[in-house]
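Spelled out from the first residue to the last, the chains are:
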Amino acid sequence: MVHEINNPIINHKLALLRRKETLPKDFRALVEDIASLLTYEVGKNFETQTIEIETPLQSCRAEFLDEKNFVVVPILRAGLAMADGALKILPNASVGHIGLYRDEVTFAPVEYCFKMPPHFSEKILLVVDPMLATGGSASAAIQLLKNHGAKKIFFMCILSAPRGLEKISGDHPDVEIYTTAIDDGLNDSCHIVPGLGDAGDRIFDTL
Ligand code: PRP
C-alpha cells in the first residue's frame, strides 16, 4: 500500500529541498524535518497500551507506546539524515544500518554493510531512504531484513518514482510505503525527475 502524504508544511519543505540553490546544511535539516513528519504519519499505525497513571491532580488512563519496539533502519548513505528525523519522534528506538550503493552501469544495488541491533526481527522496522528510484536498493534492503526473520516493515522515502513503487509493491506487498511525493519518472541515469538531484551528495556535500 502506498501513502502519498499531502500536507502544506511538508510540501513547502519539499519545495525548498528541490531547489538547486539549497545548501547542504539546509538540505540536511529539511530532510530531517520531513522524516519527522513522515514518522508521525506512520505512527498512526502503531498500537498503544493503556495504563493507569497519576497526574498531579488525579488518576487517569493514558496511552503509551512501547518505545523499545522500534528500529529505524537507514539505507546508507542518504538514509542517515532521515534516521535523525525519525529518532526525534521515536528517541528510544534503536538503529540498524544497511549499506547499499547503486552500480553506476547496471543500477543494481551492491551491499557493503548490514549491522542490526539484537532481536530486531521481532520489532517494527522503519526503513528510511530519501529516494525510491528503480526500487532496487529498497527492495534489496527489505529482503535482507526478511531473510533475518523481520515481519513488520514500513518504508519511508521523500521522493518516489512510479517504477520504484511498483517494484516494492510487487516484491513486498506486505510493506506499507510512505512518501511525500510521486514524481514523473526516471531519466536515462535512473535519477528521479524532476526530483532533487542526488540526495546523498547534497546531504554530505560530495558533489
Ligand atoms: C541512492 C538513494 C537510494 C538509491 C535509490 O543512493 O539514496 O539509496 O540511490 O535508487 P534505486 O531505487 O534505483 O535503488 P546511492 O546509491 O546514490 O548511494 P548514496 O546514498 O550512498 O549516495
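The coordinates are above.
Quantities reported herein were computed from a predicted structural model and do not represent experimental measurements.

## A short note on the packing of helix α2 (residues 24–42) against helix α3 (residues 79–89)
Then, number 1: With their axes 7 Å apart at the nearest point, α2 and α3 run at an angle of 45° to one another. Between α2 and α3, the angle falls in the class oblique. α2 and α3 meet at a crossing whose hand is right-handed. For the pair α2 and α3, the contacting residues are V31, E32, A35, S36, L38 and T39 in the first and A81, M82, D84, G85, A86, K88 and I89 in the second.

## Considering the state of the cysteines
Then, number 1: Going through the model one piece at a time under the given rule, you end up with zero disulfides.
Then, number 2: C190 carries a free sulfur, and the closest cysteine sulfur to it, the one in C157, is 16 Å from it.
Then, number 3: C190 sits in the buried class, given a relative accessible area of 7%.

## Regarding the site of the ligand
Then, number 1: What surrounds the ligand is a group of 15 residues, the closest being R102, D129, T134, G135 and S137.
Then, number 2: Between the ligand and T134, the relevant distance is 2.5 Å, taken from an oxygen atom to a side-chain nitrogen or oxygen of the residue.
Then, number 3: Compared with its free state, where it exposes 500 Å², the ligand has 90% of that area covered by protein.
Then, number 4: When residues of the shell around the ligand are traced back to their parent elements, those giving at least two are β6 (97–102), β9 (131–132) and α4 (136–147).

## Focus: the pairing of strand β4 (residues 70–76)
Within a regular beta strand, the side chains point alternately toward one face of the sheet and then the other, so they alternate between its two faces.
Then, number 1: The buried fraction of β4 is high, at seven of seven residues.
Then, number 2: Side chains F70, V72, P74 and L76 project from β4 onto one buried face, and the interleaved V71, V73 and I75 project onto a second face that is buried too.
Then, number 3: Taken together, the five bridges between β4 and strand β8 (residues 124–128) define a ladder with parallel strand orientation. Bridging from a neighbouring strand, V71 pairs with L125 of β8.
Then, number 4: Traced from β4 through α3 to strand β5 (residues 94–95), the parallel crossover comes out right-handed.
Then, number 5: Note that β4 and β6 share two bridges and pair parallel. When the bridges of β6 are listed, L76 appears paired with G99.

## Overview of α4
Then, number 1: With twelve residues, α4 ought to run about 16 Å at 1.5 Å a step, and its terminal C-alpha atoms sit 16 Å apart, in line with that.
Then, number 2: Those residues of α4 that sit buried are G136, S137, A138, S139, A141, I142, L144 and L145.
Then, number 3: Positioned one or two residues after α4, G149 has a phi angle of 100°, which is positive.

## Some points on the pattern of salt bridges
Then, number 1: Scanning the model with the defined rule gives ten salt bridges in all.
Then, number 2: Among the ionic pairs, R18 bridges to D183, the shortest N-O distance being 2.8 Å. Pair noted here: R18 is in helix α1 (residues 8–18) and D183 is in the loop between β11 (176–182) and β12 (185–186), with a separation of 165 residues, a long-range link.
Then, number 3: By relative accessible area, which is 27% here, R18 ends up partly exposed.
Then, number 4: The shortest N-O distance in the salt bridge between K167 and D171 comes to 2.9 Å.

Reading the values: the criteria
Residues numbered from 1 in each chain as written. Predicted model: local features only at pLDDT ≥ 70, side-chain atom pairs only at ≥ 80, totals over all residues. Heavy atoms only, no water. Axes fitted to C-alpha atoms, helices over the stretch in contact; angles between N-to-C directions. Helix = DSSP H or I, 4+ residues; strand = E, 2+ residues; numbered from the N terminus. Parallel < 35°, antiparallel > 145°, perpendicular 65-115°, else oblique. Left-handed = near helix turned anticlockwise from the far one by under 90°. Contact = heavy atoms within 4.5 Å. Disulfide = S-S within 2.5 Å. Buried < 20%, exposed > 50% of the residue type's maximum accessible area, 1.4 Å probe, protein only. Near = heavy atom within 4 Å. Polar contact = N/O pair within 3.5 Å; in protein donor to acceptor, adjacent residues only side chain to side chain. Areas by Shrake-Rupley, 256 points an atom, 1.4 Å probe, with all protein chains shown as cover. Pairing = 2+ DSSP bridges. Right-handed = clockwise from strand over helix to strand, strands pointing away. Expected span 1.5 Å × (residues − 1). Salt bridge = Lys/Arg side-chain N within 4 Å of Asp/Glu carboxyl O.

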